[in-house]
Amino acid sequence: MPLKPRVSRRTFVGGIATVVGYLGVKPDTELWAQRAGTGTAPLALQGGGDEYDAMAKLANNENPYGPPESVMKAMTQAFKYANRYGYPDGGIVSEIARHHGVKQENVMIGAGSGEILDVVGTTFLQDGKKVVGVEPSYTSVYQHATSIRADAIRIPLLEDYTQDIPAIIKATRTHYRDVGFVYLCNPNNPTARIVTSREVRQLLDGIPEDMPVLIDEAYHHFVDDPSYSTSIPYVLEGRPVIVARTFSKIAALAGMRLGYAVAPRELLQQMRPYSTGTINALVKWGGVAALRDTESQAQVKRITIDLRNKATTELEALGYPVIPSQTNFFMVAIRREVQPVIAEFRKKGVLVGRPFPPMTQHLRVSVGTADEMRRFMSAFREILPAT
């Protein structure tokens, strides 16, 4: 049975919005990065909710179905703690530790994985240190480096849009004294391509053994390629690996802001002083329920992959190549600059991803509901002729 969005504005969202405001939740830059095809303010800040609700939202790689009933129930019950500081947190850290087979001392939670990435940057990019990673990738890491007067060594992708592991190793070894950490987004955003298990080991074995490596697994849950695996076992080996995860994608809690790091105790001890602790009561309880509700996540994965494969097959039949995807989004080559095309989609009520330099002729599209994907394909045929 097809999934339908589970959240009604008449039931839960109004209360959530009010409480989240009081509890200090902040959207990260990627969440609100969708622009109106110009340089203007994000759509969500320009008008009322009705305009936003009417859009097909394929810009920010969200779960379009909303949290499952188990998570909604847990968050609703946690409303009684909205007026408290020292409230029970549902055991979120212990549940994450149990889920991954690590100790609680190996877990640090944050307001979305975006905070985890920022904390890693603040911790390891002091004294002019640099981050090594590919471009394009998740730009928040590089933007944060710039904001704290650090810098990045950016490695171009290979011709097949995969990450150039030998080049990352070479750059890290060459600039060893100046590098604070290595960043690996796996699967990569925006290209949706994986780094294989063999390549991750090649990287870790090829760089100095004390070099921290931040591995961003925000889209881990959507991968079905057997050559991929999580890097959390390296934490158990004692390697200086920091794995970042989020509840914003498959768990459908993007607006609630919860993420975490799994890393050796020694690295987390360095990171904890820079964590803000601004995580609200509701999402802690919701996060516990989300980790336990594996059935709902498996259903979302299955439907997402089916809709992704259907859309990409249709696009390629129209003559537009699509980069092979292992996530809940994909990139299609449209052979023209994407910025004006993004604006054309918005005019037709469809929000799509922003430009990702230097790949400015590739359009990133999130996988939405079946109806949203139909609206996307209809708009695509009107905006871009078959080749």
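Check the entry above for the structure.
Residues numbered from 1 in each chain as written. Predicted model: local features only at pLDDT ≥ 70, side-chain atom pairs only at ≥ 80, totals over all residues. Heavy atoms only, no water.

S.K.: Explain the sheet that holds strand S8 (residues 259-262) to me, using residue names and the numbers behind them.
M.R.: Strand order in the open sheet formed by seven strands is S2-S8-S7-S6-S5-S3-S4, with mixed pairing between adjacent strands. Edge positions in the open sheet fall to strand S2 (107-110) and strand S4 (151-156), since each of these has one partner strand only. The mean inter-strand angle of the sheet, taken between neighbouring strand axes irrespective of direction, is 25°. Across the sheet, helix H5 (residues 92-100) touches S2, strand S7 (241-246) and S8, and the angle it forms with S2 is around 125°. (Pairing = 2+ DSSP bridges. Helix = DSSP H or I, 4+ residues; strand = E, 2+ residues; numbered from the N terminus. Axes fitted to C-alpha atoms, helices over the stretch in contact; angles between N-to-C directions. Contact = heavy atoms within 4.5 Å.)

S.K.: How would you explain unusual backbone geometry if you had to name every residue and give the values?
M.R.: In this model, Glu135 is joined to Pro136 through a cis peptide bond whose omega is 5°. Of note, the amide linkage connecting Asn186 to Pro187 takes the cis form, showing an omega dihedral of 0°. Within the fold, Pro187 resides in the loop between strand S5 (179-185) and helix H9 (197-206). At Ala192, a residue that is not glycine, the phi angle is positive and equals roughly 70°. Looking at the secondary structure, you find Ala192 in the loop between S5 and H9. A relative accessible area of 0% means that Ala192 is categorised as buried. (Buried < 20%, exposed > 50% of the residue type's maximum accessible area, 1.4 Å probe, protein only.)

S.K.: Now, about the pattern of salt bridges: what can you tell me, with residues and values included?
M.R.: Inspection of the entire model under this criterion finds 13 salt bridges. For Arg265, the salt bridge identified is with Glu105, shortest N-O distance 3.7 Å. With Arg265 in helix H11 (residues 265-271) and Glu105 in the loop between H5 and S2, this pair connects stretches of sequence that are 160 residues apart. Note on Arg265: relative accessible area 36%, which makes it partly exposed. A relative accessible area of 36% means that Glu105 is categorised as partly exposed. (Salt bridge = Lys/Arg side-chain N within 4 Å of Asp/Glu carboxyl O.)

S.K.: Could you give me a rundown of the nonpolar core, with the residues and numbers involved?
M.R.: Counting residues in each nonpolar core, the largest one holds 59 residues, and the members touching the most others are Ile109, Ile168, Leu203 and Phe247. Considering every element that reaches this core, the biggest residue donor is helix H12 (residues 281-292), with seven residues. Sequence-distant contacts of Leu203, that is, excluding residues within four places in its chain, are made with Ile165, Ile168, Ile169, Val182, Leu184 and Val213. (Core = buried A, V, L, I, M, F, W, Y, C linked by side-chain atoms within 4.5 Å.)

S.K.: Break down the side chain of Thr191 for me, with residues and values.
M.R.: For Thr191, the location among the structural elements is in the loop between S5 and H9. Judged by relative accessible area, which is 0%, Thr191 ranks as buried. Within the structure, the side chain of Thr191 is placed 3.1 Å from the side chain of Asn188, a separation counted as a polar contact. In this structure, Thr191 is in contact with Leu157, Tyr161, Ile323, Pro324, Phe329, Met331 and Met359, ignoring residues within four places of it in sequence. (Polar contact = N/O pair within 3.5 Å; in protein donor to acceptor, adjacent residues only side chain to side chain.)

S.K.: Would you mind going over the environment of Pro68 in detail, with residue names and values included?
M.R.: Here Pro68 shows up in the loop between strand S1 (56-58) and helix H4 (69-77). Assessed through its relative accessible area of 11%, Pro68 is described here as buried. As a C-alpha pair, Pro68 and Ala290 span 222 residues in sequence and 8.1 Å in three-dimensional space.

S.K.: How would you sum up helix H7 (residues 140-147)? Please name residues and give values.
M.R.: Of all the residues in H7, the buried ones are Ser140, Val141, Tyr142, His144 and Ala145. Residues of H7 that are buried make contact with helix H6 (113-124), strand S3 (130-135), S4 and S5. Where H7 ends, the next residue or the one after it, Arg149, has phi of about 65°, a positive value.

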